[in-house]
There are 2 protein chains.
Amino acid sequence: MSHEDFELAGFTPYLLNQAAEAQSLVFSKIYKDRYGMLRTEWRVLFHLGRYGEMTAKEISESAMIHKTKISRAVRDLEVKRFLAREVIETDRRVERLTLRPPGKDAFDYLVRAAADYEDRLAARLGSGEAQLLKRLLKKLG
Amino acid sequence: MSHEDFELAGFTPYLLNQAAEAQSLVFSKIYKDRYGMLRTEWRVLFHLGRYGEMTAKEISESAMIHKTKISRAVRDLEVKRFLAREVIETDRRVERLTLRPPGKDAFDYLVRAAADYEDRLAARLGSGEAQLLKRLLKKLG
DNA sequence: GCTTGTTAGTTACAAACTTAACTATCAACA
DNA sequence: TGTTGATAGTTAAGTTTGTAACTAACAAGC
């Protein structure tokens, strides 16, 4: 490909970023406006709601998010009374994290919103193309 | 979809983010390590290299990047001697931005690297799927 | 028990981004 | 000419992120 022909609009990392930003804007607006949450908080909340009690390290590894971001998200979710921490007696370095009722409510609401969002996207792209897109994205992640 | 079945791994905004981060990591490492540039600087450099002289506002609109980010990127590219600014006499609020030789060299190198990157990605996905992916991403951006 | 090394999580500092003023210039028009 | 409003670009304040230390607790070997 010659220099003169190269366009950002045909460069995959650029297109990925544009699409990711555009799409995450739609969904992040929901947890931001309704609960004042940041993206890492949503991911932590999701893990606890979906998989039950976990430690910060387990979430960090499962979500591939650095432990300092997890630490701050846990602190902010605790301030919101969305989760409870309890030191594990057999290893006092570790905390067991669980959702409290307000956190569970938020989780329920947001999972429903996420599923709705996904449905609308599938309707917009056609379910064949939506599945195809996800398959391709998984290859790149 | 029921609550228990919902997985981040099937949520398109999540997959988009993961893929975008993973891919942009590969390419951003190049302009970061070699030239100490940030993403906005790369995009500004690209616009000037690809389209010739432009004003900050024109780049801002074309790249859909906020003017404060452009302002700082231009400042940092000027410190690197990658571009020159020249006030336009007919409207002294506006600056004409042009690449200097070191900036041109960086542009040439990075465009080549980007094209190589794109080729490798196409080889990895197969050129049919790579084209398909780009088409789908454009729909979402 | 006393090192030495490792691990879970937090804190501190700097870099980067967001948003909202702000400065300088221009254009329109009374 | 002088006032009013718009525009290009910068600066400033607050927020979020990234990286590197740091604390507290554990584990293994002596």
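Structural data are supplied above this passage.
Residues numbered from 1 in each chain as written. Chains lettered and ligands numbered in written order. Predicted model: local features only at pLDDT ≥ 70, side-chain atom pairs only at ≥ 80, totals over all residues. Heavy atoms only, no water.

Chemist: Whenever I open this one, the overall build of chain A confuses me. Can you help?
Modeler: On a plain count of helices and strands, chain A comes out with six helices and two strands. When the helices and strands of chain A are listed from N to C terminus, the series reads α-α-α-α-β-β-α-α. In terms of overall dimensions, chain A has a C-alpha envelope of 65 × 30 × 25 Å along the principal axes. The proportion of buried residues among the 141 residues of chain A is 45%. By sequence separation, contacts in chain A at least 24 residues apart represent 53% of the contacts at least 6 residues apart. With the model as given, the accessible surface of chain A reaches about 7700 Å², and the carbon-plus-sulfur share is 51%. Charge separation in chain A, taken as the distance between the mean sites of 26 positive and 21 negative side-chain charges, equals 3 Å. (Helix = DSSP H or I, 4+ residues; strand = E, 2+ residues; numbered from the N terminus. Buried < 20%, exposed > 50% of the residue type's maximum accessible area, 1.4 Å probe, protein only. Contact = heavy atoms within 4.5 Å. Areas by Shrake-Rupley, 256 points an atom, 1.4 Å probe, with all protein chains shown as cover. Lys, Arg positive; Asp, Glu negative; His and termini not counted. Charge placed at Lys NZ, Arg CZ, Asp CG, Glu CD.)

Chemist: Got a minute to help me understand the protein's contact with DNA strand D in this structure?
Modeler: Contacts to DNA strand D come from 19 residues, most closely from Arg92(A), Lys57(B), Ser71(B), Arg85(B) and Arg93(B). In the interface set of DNA strand D, defined as its atoms within 4 Å of the protein, sugar plus phosphate atoms amount to 61%. Between DNA strand D and Arg72(A), the relevant distance is 3.1 Å, taken from a base nitrogen to a side-chain nitrogen or oxygen of the residue. Here a phosphate oxygen of DNA strand D sits 2.5 Å away from a polar atom, N or O, in the side chain of Ser71(B). Going through the elements one at a time, helix 4 (67-79) of chain A together with helix 3 (56-63) and helix 4 (67-79) of chain B are the ones with two or more residues in the surface near DNA strand D. With four residues, the single largest contributor to the surface near DNA strand D is helix 4 of chain B. When the residues that make up the surface near DNA strand D are grouped by side-chain class, the tally is three nonpolar, five polar and 11 charged. (Near = heavy atom within 4 Å. Polar contact = N/O pair within 3.5 Å; in protein donor to acceptor, adjacent residues only side chain to side chain. Nonpolar A, V, L, I, M, F, W, Y, C, P; charged D, E, K, R; others polar.)

Chemist: So what exactly am I meant to see when it comes to the relation of the copies chain A and chain B here?
Modeler: Two chain copies, one operation linking them: a rotation about an axis together with a shift along it. With an axial shift of 0.0 Å and an RMSD of 0.1 Å, the rotation relating chain A to chain B amounts to 180°. Such a combination of rotation and displacement between the chain copies is what one expects of a two-fold axis. When the interface residues of chain A are mapped onto chain B, 100% of them again fall at the interface, so both copies present the same face. (Least-squares fit on C-alpha atoms with pLDDT ≥ 70 in both.)

Chemist: Can you walk me through the nonpolar core in this structure?
Modeler: One recurring pattern in soluble globular proteins: nonpolar side chains tend to sit buried together. Ranked by internal contacts, the top residues of the largest apolar core, which has 86 residues, are Met37(A) and Met37(B). Contact partners of Met37(B), with chain neighbours within four places excluded, come to Tyr31(B), Lys32(B), Trp42(B), Leu45(B), Leu77(B), Lys80(B), Phe82(B) and Leu110(B). (Core = buried A, V, L, I, M, F, W, Y, C linked by side-chain atoms within 4.5 Å.)

Chemist: Whenever I open this one, the environment of Glu7(B) confuses me. Can you help?
Modeler: Along the chain, Glu7(B) turns up in the segment before helix 1 (12-35). Among all residues touching Glu7(B), those that are not within four sequence positions of it are Phe46(A), Arg50(A) and Tyr51(A). Engagement of the side chain of Glu7(B) in a polar contact is seen with the side chain of Tyr51(A), the distance being 2.5 Å.

Chemist: In this structure, what is going on with unusual backbone geometry? I would like to understand it.
Modeler: Generally, phi is negative for residues other than glycine and the peptide bonds are trans, each holding for most cases. All names here are of chain A. The phi dihedral of methionine 64 is positive, around 55°, even though this residue is not glycine. Along the chain, methionine 64 turns up in the loop between helix 3 (56-63) and helix 4. With a relative accessible area of 60%, methionine 64 lands in the exposed category.

Chemist: Explain helix 6 (residues 127-140) of chain B here, please?
Modeler: In an α-helix, one full turn covers 3.6 residues, which means residues spaced three or four apart are oriented alike. For helix 6 of chain B, spanning 14 residues, the distance from its first C-alpha to its last is 20 Å, which sits close to the expected 20 Å at 1.5 Å a residue. Looking only at helix 6 of chain B, the buried set comprises Ala130(B), Leu133(B), Lys134(B), Leu136(B), Leu137(B) and Leu140(B). Down the axis of helix 6 of chain B, the buried set is contained in an arc of 165°. They therefore lie on one face. Those residues of helix 6 of chain B that are exposed and angled more than 90 degrees off the buried face are Ser127(B), Gly128(B) and Lys138(B). If you follow the buried residues of helix 6 of chain B, they end up packed against helix 1 (12-35), helix 5 (101-125) and helix 6 (127-140) of chain A together with helix 1 and helix 5 (101-125) of chain B. (Expected span 1.5 Å × (residues − 1). Arc of directions from axis to C-beta.)

Chemist: In this structure, what is going on with the interface of chain A and chain B? I would like to understand it.
Modeler: By convention, interface size is frequently given as the accessible area that disappears when the constituent parts associate. On the side of chain B, 52 residues touch chain A, which itself brings 52 residues to the contact. Here chain A packs against chain B, burying approximately 5200 Å² in sum over the two surfaces, 65% of which is carbon and sulfur. For the interface between chain A and chain B, the tally reads eight salt bridges. In this structure, Glu129(A) engages Lys139(B) in a salt bridge whose closest nitrogen and oxygen atoms are separated by 3.0 Å. For the pair chain A and chain B, the interface holds 19 residue pairs in polar contact (both at pLDDT 80 or more). Breaking the side of chain A that touches chain B down by element, the ones donating at least two residues are helix 1, helix 2 (39-51), helix 5 and helix 6 of chain A. Counting residues per element, the side of chain A that touches chain B draws most heavily on helix 1 of chain A, which supplies 14 residues. Here the side of chain A that touches chain B is composed, by residue class, of 27 nonpolar, nine polar and 16 charged. (Buried area = accessible area lost by both parts, 1.4 Å probe. Salt bridge = Lys/Arg side-chain N within 4 Å of Asp/Glu carboxyl O.)

Chemist: Teacher, can you tell me more about the protein's contact with DNA strand C here?
Modeler: The local shell around DNA strand C holds 19 residues, among which Lys57(A), Ser71(A), Arg85(A), Arg72(B) and Arg92(B) are the closest. Sugar and phosphate atoms represent 61% of those atoms of DNA strand C found within 4 Å of the protein. Residue Arg85(A) places a side-chain N or O atom 2.3 Å away from a phosphate oxygen belonging to DNA strand C. Here a phosphate oxygen of DNA strand C and a backbone polar atom of Glu95(A) are 3.2 Å apart.

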